[in-house]
Amino acid sequence: MAASSAIARAAAAVLALVCTLAPAGAQAPAAGAAPATPPVEFRIGYVELADDPRYDEDYAYNLIPVRPIGRPYPGAEMGIGDALQIGQTINTNFSLVRSTGTSLDEVVAAVTGFVAEGIHFVLADLPAADLLALSDRVTGMPVTILNISAPEDYLRGESCRFNVVHVIPSSRMLIDATMQFLVFHRWRNVLVLQGPLPADQLTVDSVRQSAAFFGARIVDVRPYVLSANPRDRDQNNVALLTGGANYDVVYVADADGDYARYVAYETNDPRPVVGAAGLTALAWHWSWERQGAPQVNARFEAVAGRRMADVDFAAWAAVRGLTQSVLRSRSTEYQPVLDYLLGERLNLDGSKGYPMSVRPWDHQLRQPILLATANAVMQLAPIEGFLHQFNDLDTLGVDEPQSVCRF
Amino acid sequence: MGVQMTFRKLTRRESLALMAAASGAAALGGVAPARAAGSGYLFISHENSDNLLVLDPSRDFARVADIATSRRPRDIHFNNDHSLLYAACGDDDVIDVIDVATYTVVDHIPTGRSPEAFVLNHENTTIYVSNEENSTLQVIDLATKLILHEVPVGAEPEGVLLSPDGRTLYVTSEVADMVHVIDPELGVVTQNIIVGTRPRRFSLTPDGRELWVSDELSGTVTIIDVATNMVLTDITFLPPGFRPVDVTPVGLTLSADGTKTYVTLGRANHLAFVDVATKEVESYTLVGARPWNVCRSADDRYLYVTNGLSDEISVIEVSSRRNVLSIPVGRVPYAVLVDGSL
């Protein structure tokens, strides 16, 4: 017994030596298993604007960041890394081509150039207006834009375009997730604080629709101003702004996030705060720890050197959607890959439990939404009890019968 | 008792080889009066309470021991004579070695980042472990703790299965949707087999011809022909009242006679009974929340299922396929193992 284990140890030591001598050998067989023909290239475009105000890190006074820190590009890189083994198995080389424009014209030129080079899928990290303009200017070309950062509902509604797939959740999906949470907790009376931006008005519109749909009640909508002027105190002082009403919860519509962060703990009544602060609805949060999320976070942090945010998730999911479509359609051609991407069978794994797929009526990726505080995910929506006749994920966002999108 | 003292003294040393030899003798000498190999005890790992519970089914599942482990213990396996229990601890990047006689952690085997699942080779000299954070399959020599091979695999590798002849290793990649076929001697991937979405665990049919793989997100079990490494077919599940999207199969365990496979269905909160020969799903049994692992009792009359989101074990009577008992355990139970007869 002792002798045989000594032999085993000696053999192990020899093996260890062999191993250290041939680190490249470990890679070889995977390549060896692939056919000898050169791999097929499948390149994915990526466009963004150099001075996108949404990533202005020095946004708040005193340079306090109130935004996601960093561009979502590392999410796309991680998606390529995750597809390495798939690529080796199906003899396909997945890669990204990034173009940073200083104007919309440059972005359009970049996408046009991509199409000429045989790139048919382009991730777009653009503000809503630029995204819409881009999609209109490349209409008719064999290219599909994957929206990874513009949540505006009108892009999925009256301004929807067939050549755009929305990987980032719509505002309405986020609001519906929040509203499900409130109704689940029977916090049905909602006081809304509205910021001065057009985006805040859009949010309030969606909050009204969502509340009506899920059976919550908007007690009042009160505009605030970001000011210290005592003359505006009924609009800038949170205690005054939240007084004189009966409500269970405060919803803050603040696309900037600069006002919202001072609302909790300042309300006149002791009530929770949701929306732009307090409990926020997100496509992703670094504290999500189920469905393989710790590994997703760890891989992202290794690539990006920071925590994964919602737009990073969308970039990752967009690339994963494409690599999955190539794998499952057994093609790198535009039409079969697009058909698979848009089809019911996409079954995309986003480490949020439910398989994700694209809604045919507005090209929004249906997906669970996380409801998170600063360091904890409290719930994953759809929340238990909110059921849909076909797919419970479609309790989040505008459903087919209500959609005004016509491709 | 004297034997036990000697044994414990040895275990404090780093030499696992010595310990393995000693424990065989110690077990014969009757180390712990309450326990021998084949005790029938349940060993349960808990991801969030960082412990293994040992329960005695012959005494109403009384707690025999509560073993503090490294952080986030998940997959657990005995060595051949059941004197040692290994537990992969994902948050400390080690496999804990537990002396089953004393219920204490006596050693650690360093692994890559976040070890999840593993197997021992049939001679118990080597461990094959999937490290889900750095996406490798490591081959580690047990005696020296040397990493013999570190095989790059697809992201989030999980299930590991060694063929009966010890010459082929199978590993799933949850992100790359494939099964890697690995030569454990050379430490190289020889083939990749595309399966369903988010493949998790394995089961080999008794004749050794079919490799069953659970696909968590496509809600299927993919069946691979071992001879050709081709996908033969897949099995879909749908317990009454559920939708396909709710079905997230993970655990696969064969019945004692090899004619049935038990499949845990995750979010669908059921255990499925599948006929191995016909591949028909025969029935479903309701269990707790998000069942992931299932194992047989020592006498094969019961099944134990870990319910990760309701912190309990379901006990299923095999003959009636009924859920007869629920046992509260620690936080997020992951694996359950029975110290059955050798």
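Keep in mind it's a predicted model, so treat the numbers as computed, not measured. (Residues numbered from 1 in each chain as written. Chains lettered and ligands numbered in written order. Predicted model: local features only at pLDDT ≥ 70, side-chain atom pairs only at ≥ 80, totals over all residues.)

> Is there a simple way to think about the overall build of chain A in this case?
Along its length, chain A carries 13 helices and 14 strands. Here chain A, with 407 residues, has 47% of them falling under the buried criterion. When contacts within chain A are restricted to residue pairs at least 6 apart in sequence, those whose partners lie at least 24 apart make up 66%. (Helix = DSSP H or I, 4+ residues; strand = E, 2+ residues; numbered from the N terminus. Buried ≥ 20, exposed ≤ 12 C-beta atoms within 10 Å, placed from the backbone. Contact = placed C-beta atoms within 7 Å.)

> I keep staring at the overall build of chain B and nothing clicks. Help me out?
Each helix and strand counted, chain B has two helices and 28 strands in total. In chain B, which comprises 342 residues, the proportion classed as buried is 55%. Within chain B, residue pairs in contact and separated by at least 24 positions form 42% of the contacts whose partners lie at least 6 positions apart.

> Would you mind going over the sheet that holds strand β11 (residues 147–152) of chain B with me for this structure?
Each strand in a sheet pairs with another by means of backbone hydrogen bonds, the pair being arranged parallel or else antiparallel. Residue and element names in this part refer to chain B. A sheet is described by the order of its strands in space; here four strands give the open sequence β8-β9-β10-β11, paired in antiparallel fashion. Because the sheet does not close on itself, it has two edges, and the strands there are β8 (115–120) and β11. Geometrically, the sheet is characterised by an average inter-axis angle of 20° between neighbouring strands, direction not taken into account. As paired elements, strand β10 (residues 136–141) and β11 share five bridges and run antiparallel to each other. When the bridges of β11 are listed, Ile140 appears paired with Ile147. (Pairing = 2+ DSSP bridges. Axes fitted to C-alpha atoms, helices over the stretch in contact; angles between N-to-C directions.)

> Hey, could you run me through the sheet that holds strand β6 (residues 94–99) of chain B in this one?
Residues and elements named next belong to chain B. Pairing in this open sheet of four strands is antiparallel, and the strands run β4-β5-β6-β7 from one edge to the other. Bordering the open sheet on either side are β4 (73–78) and β7 (104–110), each of which pairs with just one other strand. Between one strand and the next, the sheet's axes are offset by a mean angle of 25°, whatever the strand orientation. Taken together, the four bridges between β4 and strand β5 (residues 84–89) define a ladder with antiparallel strand orientation.

> Is there a simple way to explain the environment of Val377(A) in this structure?
Residues and elements named next belong to chain A. Within the fold, Val377 resides in strand β14 (residues 377–381). Residues Val377 and Ile119, spaced 258 residues apart in sequence, show a C-alpha to C-alpha distance of 37 Å. Setting aside its immediate chain neighbours within four residues, Val377 contacts His285, Ser287, Trp288, Leu370, Leu371 and Ala372.

> Is there a simple way to explain the environment of Asn134(B) in this structure?
Residue and element names in this part refer to chain B. Within the fold, Asn134 resides in the loop between β9 (126–131) and β10. Residue classification places Asn134 among the partly exposed positions, given that 19 C-beta atoms sit within 10 Å. Residues Asn134 and Ile235 lie 101 residues apart in sequence; the distance between their C-alpha atoms is 31 Å. Filtering out sequence-adjacent residues up to four positions away, Asn134 remains in contact with Gly112 and Arg113.

> How do you make sense of helix α12 (residues 310–329) of chain A when you look at a structure like this?
Every α-helix carries 3.6 residues per turn, so stepping three or four residues along brings you back to the same face. The first and last C-alpha atoms of α12(A) sit 28 Å apart over 20 residues, in line with the 28 Å expected at 1.5 Å per residue. Immediately beyond the C-terminal end of α12(A), within one or two residues, lies Arg330(A), with a positive phi of roughly 55°. (Expected span 1.5 Å × (residues − 1).)

> It is not clear to me how the pairing of β4(B) should be interpreted in this structure. Could you clarify?
Regular strands place side chains that alternate from one sheet face to the opposite one. The element β4(B) is largely enclosed, with a buried count of five among its six residues. Turn length for the β4(B)-β5(B) hairpin, with the two strands adjacent in sequence and antiparallel, is five residues, and the turn residue His82(B) shows positive phi of about 60°.

> Is there a simple way to explain the domain arrangement of chain A in this structure?
The accessible area lost on association of the parts is a frequent measure of interface size. Residues and elements named next belong to chain A. Assigned domains of chain A: these are domain 1 (41–169 + 289–367) and domain 2 (173–282). Placing the centre of domain 1 and that of domain 2 at their C-alpha centroids yields a distance of 30 Å. The partner domain 2 presents nine residues to the seven residues of domain 1 that form the contact. Of the residues assigned to the side of domain 1 that touches domain 2, the class counts are four nonpolar, no polar and three charged. (Domains from an automatic or database assignment. Nonpolar A, V, L, I, M, F, W, Y, C, P; charged D, E, K, R; others polar.)

> What exactly am I supposed to notice about helix α3 (residues 73–82) of chain A here?
Residue and element names in this part refer to chain A. Judged by how many residues are buried, α3 sits mostly within the fold: eight of ten residues are covered. When we look at burial in α3, the residues that qualify are Tyr73, Pro74, Gly75, Ala76, Met78, Gly79, Ile80 and Asp82. In this fold, the buried residues of α3 make contact with β1 (40–49), β2 (92–101), β3 (121–125), α11 (293–304) and α12.

> How should I be thinking about the nonpolar core in this particular structure?
Considering soluble globular proteins, one finds that nonpolar side chains tend to be buried as a cluster. Formed by 203 residues in total, the largest nonpolar core has its most connected members in Val122(A), Ala318(A) and Ile95(B). Looking at this core element by element, the count peaks at eleven residues for α12(A). (Core = buried A, V, L, I, M, F, W, Y, C linked by C-beta atoms within 7 Å.)

> Quick question: what am I supposed to make of unusual backbone geometry here?
Backbone phi values are negative for most residues with the exception of glycine, while trans is the configuration of most peptide bonds. Here the bond from Ala381(A) into Pro382(A) is cis, since omega is 10°, no more than 30 degrees from zero. Among the structural elements, Pro382(A) can be located in the segment after β14. Positive phi values are uncommon outside glycine, yet Phe61(B) reaches one of about 60°. Take Phe61(B): it is sitting in the loop between β2 (51–56) and β3 (62–68). Notably, Asp300(B) is not glycine yet its phi reads approximately 65°, a positive angle. Exposure remark for Asp300(B): the 13 C-beta atoms within 10 Å place this residue in the partly exposed category.

> How should I be thinking about the pairing of strand β13 (residues 169–173) of chain B in this particular structure?
All names here are of chain B. Burial runs high along β13: five of the five residues are buried. Of the two faces of β13, the one holding Leu169, Val171 and Ser173 and the one holding Tyr170 and Thr172 are both buried throughout. When strand β12 (residues 157–162) meets β13, the two strands line up antiparallel, connected through four bridges. Across the sheet, residue Leu161 finds its bridge partner in β13, namely Tyr170. With antiparallel pairing between neighbouring strands as the criterion, β12 and β13 make up a hairpin whose turn holds six residues, including Gly166 at a positive phi of roughly 75°. Turn length for the β13-strand β14 (residues 178–183) hairpin, with the two strands adjacent in sequence and antiparallel, is four residues, and the turn residue Asp177 shows positive phi of about 55°.

> Would you mind going over the packing of helix α5 (residues 104–116) of chain A against helix α6 (residues 128–137) of chain A with me for this structure?
Packed helices, taken two at a time, are described by the angle between their axes plus the distance between the axes. Residues and elements named next belong to chain A. Their axes nearest at 10 Å, the elements α5 and α6 cross at an angle of 45°. When the axes of α5 and α6 are compared, the pair comes out oblique. Relative to α6, α5 is oriented so that their crossing is right-handed. In contact with Leu104, Val107, Val108 and Val111 of α5, α6 contributes Asp130, Ala133, Leu134 and Arg137. (Parallel < 35°, antiparallel > 145°, perpendicular 65-115°, else oblique. Left-handed = near helix turned anticlockwise from the far one by under 90°.)

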